Amino acid sequence: MTKAVFFDFDETLQDRTAAFERYMAAFEECFYPELTPEEKARRRKDMVDTGNGGYVNRVEWYQSLIDKWGWETAPSSVALAEHYDTQFGLYNVIFEGSAPLLKKLRDMKIKTGIITNGPSILQHMKIEQSGLADYCDITVVSGDLPFAKPQPEIFEYAAEKLGVAPKECVYVGDHPINDIEGALSAGMRAVRMNFGWFKNQRLRPDVPVISDIYDVLKYI
């Protein structure tokens, strides 16, 4: 019997790919509004191509972009990384089915939560701005803890906080290792959101695959 369903945030409850497009538009307006549309488009492509779906060391990533672009007037890579962490959450693009799904699960007396990796300020801001926190019994951010996905401890921690056993939980996420292997290693069942940077990568025959978040209801 399913007593709790936990979710990753980016590319699971929110369309991070679309959110990143919105953030890049704001980024260029802030830091280089004078560039031609062609140069802005080139830089956006560089950001997407090298961004690894968000799985980068952002200070190093921004420094590589500064070097690649020959950006002589750039702020420091540390300042740019801070801009990302404090501003990205303003540009959420939440999937249409996310809030209705969370509400439905709550109506079914199933506990709900978010387990996400990332810096505390960045991930908490995303969650707060998303409007989804009110439908969750718990939000767990790795930046607040000494462990992170795919370590089983973060999944076990969330289950314990809700007073349920891992075997009574379903975890939904897009990352084949951090989300799926991590949840399975903790004894949870898993559902793969096949979306974003990792789409169609390392799908498992023993894990259900969805492309619409509301379809989680079929597997609980």
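Residues numbered from 1 in each chain as written. Predicted model: local features only at pLDDT ≥ 70, side-chain atom pairs only at ≥ 80, totals over all residues. Heavy atoms only, no water.

Q: Help me understand unusual backbone geometry, please; the structure alone is not making it clear to me.
A: Among all residues save glycine, negative phi is the norm, and among peptide bonds the norm is trans. Residue Pro 150 follows Lys 149 across a cis peptide bond; omega there is 10°. Within the fold, Pro 150 resides in the loop between β3 (138–141) and α7 (152–162). One non-glycine residue with positive phi stands out, namely Glu 11, at about 65°. On the secondary structure map, Glu 11 appears in the loop between β1 (4–7) and α1 (16–31). Residue classification places Glu 11 among the buried positions, given a relative accessible area of 6%. A positive phi angle is found at Lys 109, which is not glycine, with a value near 65°. Mapped onto the secondary structure, Lys 109 falls in the loop between α5 (98–107) and β2 (111–116). Given the relative accessible area of 72%, Lys 109 is considered exposed. (Helix = DSSP H or I, 4+ residues; strand = E, 2+ residues; numbered from the N terminus. Buried < 20%, exposed > 50% of the residue type's maximum accessible area, 1.4 Å probe, protein only.)

Q: Where do I start with the sheet that holds strand β4 (residues 169–173) in this structure?
A: By way of backbone hydrogen bonds, the strands of a sheet pair with one another, either parallel or antiparallel. Taken together, the six strands give an open sheet; going across it, the order is β3-β2-β1-β4-β5-β6, and neighbouring strands pair in parallel fashion. Both edges of this open sheet fall to β3 and β6 (209–210), since each of them pairs with a single strand only. Contacting β1 and β2, α5 runs over the sheet at an angle of about 160° to β1. Contacts between helix α8 (residues 176–185) and the sheet are confined to β4 and β5 (189–193), with β5 contributing the most and set at about 165° to the helix. (Pairing = 2+ DSSP bridges. Contact = heavy atoms within 4.5 Å. Axes fitted to C-alpha atoms, helices over the stretch in contact; angles between N-to-C directions.)

Q: I keep staring at the side chain of Ser 130 and nothing clicks. Help me out?
A: One can find Ser 130 in helix α6 (residues 120–130). If we ignore the near neighbours within four places in the chain, the residues touching Ser 130 are Phe 9, Asn 92 and Ile 94.

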